[in-house]
Amino acid sequence: MSERGALRTRLDLLAREVAKFGAVGAFGLVVNIAVSNLLWRATDLQVVRAGLLGTFVAILFNYIGFRYWTYRDRDKTGRTRELTLFLLFSAVGAVIENGVLYVATYGFGWNSPVQSNVFKILGIGIATLFRFWSYRTWVFKALPAKETALSTEGFLKQGRTEQVPQAGADSVRP
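This text gives an overview of the structure that appears in the document. This is a predicted model, so every value here is computed, not measured.

1. A word on a nonpolar patch on the surface
Consideration 1: Judged by side-chain polarity, Y102, V103, Y106, F108 and W110 come together as a nonpolar surface patch covering roughly 540 Å² of accessible area.
Consideration 2: You can see V103 is positioned in helix 3 (residues 79–107).
Consideration 3: Note on V103: relative accessible area 42%, which makes it partly exposed.

Pasting the structure below:
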């Protein structure tokens, strides 16, 4: 296979991964915003505490989506390690996400319902970049080259005509 074909295959796989990550994240965003808004309106919790609870509910939802859909073809041998790292990186993402909300609320006094939602979503956007990088790099580890090539057979069966390298320097890393 030519380098151009290998690059195209890698970009196709990355695009599919980003799309799946985004779909799970979009549902997680809805869960996060819905829980946060419910808590803001139905309880006396402070804005950031309610936002943090919304984040944690979304984290649990997202783990299921990432493990069983986005990264279902990744290594599944170390579930304890995977879950520990997922929760660790999710906690860092939660600090980023709710740190933006905290600064807006307590640093600038922007705490109307609309402002809280805007800064919650802004924080989620920034944290999402960190989460995508950390999950794909550390949490949902790619399979070794031989297993990766075998898992891309399904990719090729979906109408793709280019060949996928089997091993070596041209290995595909999803």
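Moving on from the coordinates now.
2. Quick look at helix 3
An α-helical segment advances 3.6 residues per turn. Residues three or four places apart therefore align on the same side.
Consideration 1: Counted at 1.5 Å a residue, the expected span for helix 3 with its 29 residues is 42 Å, and the 40 Å between its end C-alpha atoms agrees.
Consideration 2: Among the residues of helix 3, E82, F86, F89, S90, G93, A94, E97, N98, V100, L101, A104 and T105 are the ones counted as buried.
Consideration 3: Buried residues along helix 3 sit in contact with helix 1 (3–42), helix 2 (47–70) and helix 4 (113–139).

3. As for the packing of helix 1 against helix 2
Relative orientation and spacing of two packed helices are given, respectively, by the angle between their axes and the distance between those axes.
Consideration 1: For the pair helix 1 and helix 2, interaxial distance at closest approach is 8 Å and the crossing angle is 150°. Looking at the two axes, helix 1 sits roughly antiparallel to helix 2. Read as a crossing pair, helix 1 and helix 2 show a hand that is right-handed.
Consideration 2: When its residues are assigned to classes, the contact of helix 1 with helix 2 shows 16 nonpolar, 9 polar and 2 charged.

4. So, the side chain of R74
Consideration 1: Mapping R74 onto the fold places it in the loop between helix 2 and helix 3.
Consideration 2: Residue classification places R74 among the buried residues on the basis of a relative accessible area of 3%.
Consideration 3: One polar contact links R74 to E17, side chain to side chain, over a distance of 3.4 Å.

5. Focus on the environment of F86
Consideration 1: Tracing the chain through its elements places F86 in helix 3.
Consideration 2: Note on F86: relative accessible area 0%, which makes it buried.
Consideration 3: Sequence-wise, F86 and Y63 are 23 residues apart; in three dimensions their C-alpha atoms are separated by 7.7 Å.
Consideration 4: Each residue touching F86, except ones within four places of it in the same chain, is listed here: I59, N62, Y63, F66, Y135, V139 and F140.

6. With respect to the nonpolar core
Consideration 1: In terms of nonpolar packing, the biggest core is built from 12 residues, these being F21, V24, I59, Y63, F66, Y71, F86, F89, F132, Y135, V139 and F140.
Consideration 2: Contributing elements (two or more residues each) for this core: helix 1, helix 2, helix 3 and helix 4.
Consideration 3: For Y63, the contacting residues outside a window of four places in its chain are R79, E82, L83, F86 and F140.
Consideration 4: One finds V48, A50, V100 and F119 within the second-largest nonpolar core, a separate group that totals 9 residues.

The rules behind the values
- Residues numbered from 1 in each chain as written.
- Predicted model: local features only at pLDDT ≥ 70, side-chain atom pairs only at ≥ 80, totals over all residues.
- Heavy atoms only, no water.
- Patch = residues over 30% accessible without salt bridge, like charges linked within 9 Å, V, L, I, M, F, W, Y side chains within 5 Å.
- Areas by Shrake-Rupley, 256 points an atom, 1.4 Å probe, with all protein chains shown as cover.
- Salt bridge = Lys/Arg side-chain N within 4 Å of Asp/Glu carboxyl O.
- Helix = DSSP H or I, 4+ residues; strand = E, 2+ residues; numbered from the N terminus.
- Buried < 20%, exposed > 50% of the residue type's maximum accessible area, 1.4 Å probe, protein only.
- Expected span 1.5 Å × (residues − 1).
- Contact = heavy atoms within 4.5 Å.
- Axes fitted to C-alpha atoms, helices over the stretch in contact; angles between N-to-C directions.
- Parallel < 35°, antiparallel > 145°, perpendicular 65-115°, else oblique.
- Left-handed = near helix turned anticlockwise from the far one by under 90°.
- Nonpolar A, V, L, I, M, F, W, Y, C, P; charged D, E, K, R; others polar.
- Polar contact = N/O pair within 3.5 Å; in protein donor to acceptor, adjacent residues only side chain to side chain.
- Core = buried A, V, L, I, M, F, W, Y, C linked by side-chain atoms within 4.5 Å.

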